[in-house]
Amino acid sequence: MGLGNGCSCGPAQRRITPEGAPTRKVAHIVQEYPHSTDAFTQGLVFHQGRLFESTGNQGTLRELSLESATPLWMEPLGNIFTEGLASDGERLYQLTWTEGLLYTWSGLPPTRERTTRYSGDGWGLCYWQGRLVRSDGTSMLTFHAPDTFEPVGSVEVTLQGLPQDQLNELECANGVIYANVWHSSSVLEIDPTTGHVTAIIDASALTRAVSPQLNSREAVLNGIAVEPGTGRILMTGKLWPKLFEVRLETVD
Ligand code: DDQ
Ligand code: CA
């Protein structure tokens, strides 16, 4: 008690600052580009002015062109299930799903400079204020030091007090962490400091645009990249034939 709202104050209510209702946004398609239907997209990020993708199942790191579904450059990683991909401006960091290996790449085209072990699942990855932020399928986001990948903190993602899990691909931009919710067409905007979900983006227009061409239950929305400088927002999905530029509109 004592919060003045008459709650019985279980773990979900144990907070000083009440968590406001999230803003509702809709993703509208601005432009469509080709995307390879063999790309099981797990990470999408701009790096040194170029667009990179990490794919799972059969792991790869690739540089994408917006002109063609064929990557400009690609390094196959065999049976390693690579996942989230982040850039600190100098290096690319690539997670693996259950292998517990982080690949660090540098140079152009990128070469693998380091492999670092970590514990837990690797789902999404983004870079925020000197830290790598990792999702792992739970409601926790873990912060890591980029050079050693040592965990240096964590935050629980909550929506009006309720933990939110299944957070897949991530993008740190515009002061928030964008997170694809696995097997949904929703993207959450998360405050990196509090873990609060500040907005929910309905990206179902994208799913609708490609669904007639999809034939796997696993072909779900996953992949957000915000271009530094322009703020252009790109989104795609696993095995999707298209990659979209979107505009976010706030609705009420
Ligand atoms: N994750 O994205 C939730 C982190 C992993 C998804 C793994 C789905 C495995 C299905 C593989 C079948 C490929 C068609
Ligand atoms: Ca991303």
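Since the structure is predicted, the reported quantities are computational estimates derived from the model, not experimental observations.

Rules and cut-offs
- Residues numbered from 1 in each chain as written.
- Chains lettered and ligands numbered in written order.
- Predicted model: local features only at pLDDT ≥ 70, side-chain atom pairs only at ≥ 80, totals over all residues.
- Heavy atoms only, no water.
- Helix = DSSP H or I, 4+ residues; strand = E, 2+ residues; numbered from the N terminus.
- Rg over C-alpha atoms; globule rule 2.2 N^0.38 Å.
- Buried < 20%, exposed > 50% of the residue type's maximum accessible area, 1.4 Å probe, protein only.
- Contact = heavy atoms within 4.5 Å.
- Areas by Shrake-Rupley, 256 points an atom, 1.4 Å probe, with all protein chains shown as cover.
- Lys, Arg positive; Asp, Glu negative; His and termini not counted.
- Charge placed at Lys NZ, Arg CZ, Asp CG, Glu CD.
- Pairing = 2+ DSSP bridges.
- Axes fitted to C-alpha atoms, helices over the stretch in contact; angles between N-to-C directions.
- Donors = N, O, S within 2.8 Å, 3.2 Å for Na, K, Ca; no water.
- Tetrahedral: all angles 85-135°; square planar, octahedral: opposite > 155°, others 65-115°.
- Disulfide = S-S within 2.5 Å.
- Near = heavy atom within 4 Å.
- Nonpolar A, V, L, I, M, F, W, Y, C, P; charged D, E, K, R; others polar.

*Asks:* Explain the overall build of the protein to me, and be specific about the residues and the numbers.
*Replies:* Counting its secondary structure elements, the protein contains one helix and 22 strands. Here the C-alpha radius of gyration of the protein, 18 Å, is about what a compact globule of 252 residues would show, namely 18 Å. On the principal axes, the C-alpha backbone points of the protein span a range of 60 × 40 × 35 Å. Taking all 252 residues of the protein together, the buried fraction comes to 52%. Long-range pairs, those at least 24 residues apart, make up 51% of the contacts in the protein with a sequence separation of at least 6. A total of about 11,200 Å² of accessible surface is found on the protein, and carbon and sulfur atoms cover 49% of it. For the protein, the distance from the average position of its 18 positive side-chain charges to the average position of its 28 negative side-chain charges is 2 Å.

*Asks:* Requested: an account of the environment of V181, with residues and values cited.
*Replies:* Structurally, the position occupied by V181 is in strand β17 (residues 176-181). Given a relative accessible area of 17%, V181 falls into the buried group. Between the alpha carbons of V181 and W105 there is a distance of 27 Å; along the sequence they are 76 residues apart. In this structure V181 touches D165, Q166, S186 and L188, once residues within four positions along its chain are discounted.

*Asks:* An account of the sheet that holds strand β6 (residues 82-87) is needed here, citing residue identities and associated values.
*Replies:* On the basis of which strands lie adjacent, the open sheet formed by four strands has the order β6-β7-β8-β9 and antiparallel pairing. Of all the strands in the sheet, the pair left with one neighbour each is β6 and β9 (111-117). Looking at each pair of strands side by side, their axes are set apart by 25 degrees on average, direction ignored. Sheet analysis places strand β7 (residues 91-96) next to strand β8 (residues 101-106), joined by four bridges and oriented antiparallel. What sits directly across from R91, in β8, is S106.

*Asks:* Any chance you could break down the coordination of the calcium ion (ligand 2) for me, citing the residues and the numbers?
*Replies:* Note on metal geometry: ideal angles are 109.5 degrees for four donors arranged tetrahedrally and 90 or 180 degrees for six donors arranged octahedrally. Here the calcium ion (ligand 2) is held by the protein donor atoms L44 (O), E169 (OE), E169 (OE), L170 (O), E171 (OE) and I224 (O), which lie 2.4 to 3.1 Å from it. Around the calcium ion (ligand 2), the six donor atoms are arranged such that angles at the metal cover 44 to 177 degrees; this shape is classified as irregular.

*Asks:* So what's going on with the state of the cysteines? Residues and values would help.
*Replies:* Counted by the stated rule, this structure contains one disulfide. Between the sulfur atoms of C126 and its disulfide partner C172 the distance amounts to 2.0 Å. An S-S torsion of about 45 degrees defines the bridge between C126 and C172 as right-handed. In this pair, C126 sits in strand β10 (residues 125-128) while C172 sits in strand β16 (residues 167-173), placing the two residues 46 residues apart along the sequence. Overall, C126 belongs to the buried group, its relative accessible area being 3%.

*Asks:* Talk me through the sheet that holds strand β3 (residues 50-55); I want residue IDs and the actual numbers.
*Replies:* Across the sheet, four strands lie side by side as β2-β3-β4-β5; this open sheet has antiparallel pairing. Since the sheet does not close on itself, it has two edges, and those belong to β2 (41-47) and β5 (73-76), each with one partner. Direction aside, neighbouring strands of the sheet carry axes that sit 15 degrees apart on average.

*Asks:* Any details on the site of ligand 1? Residues and values, ideally.
*Replies:* Taken together, F40, Q42, N57, F81, E83, W97, W123, N168, W182, E218 and K238 form the complete shell of residues around ligand 1. Coverage of ligand 1 by the protein amounts to 78% of the 440 Å² it exposes when considered alone. Considered class by class, the residues forming the shell around ligand 1 number five nonpolar, three polar and three charged.

*Asks:* Please set out the side chain of E227 residue by residue, giving values where relevant.
*Replies:* Positionally, E227 belongs in the loop between β20 (221-226) and β21 (233-237). The residues contacting E227, other than those within four sequence positions of it, are F46 and R232.

Don't take any of this as a statement about function, it's just geometry.
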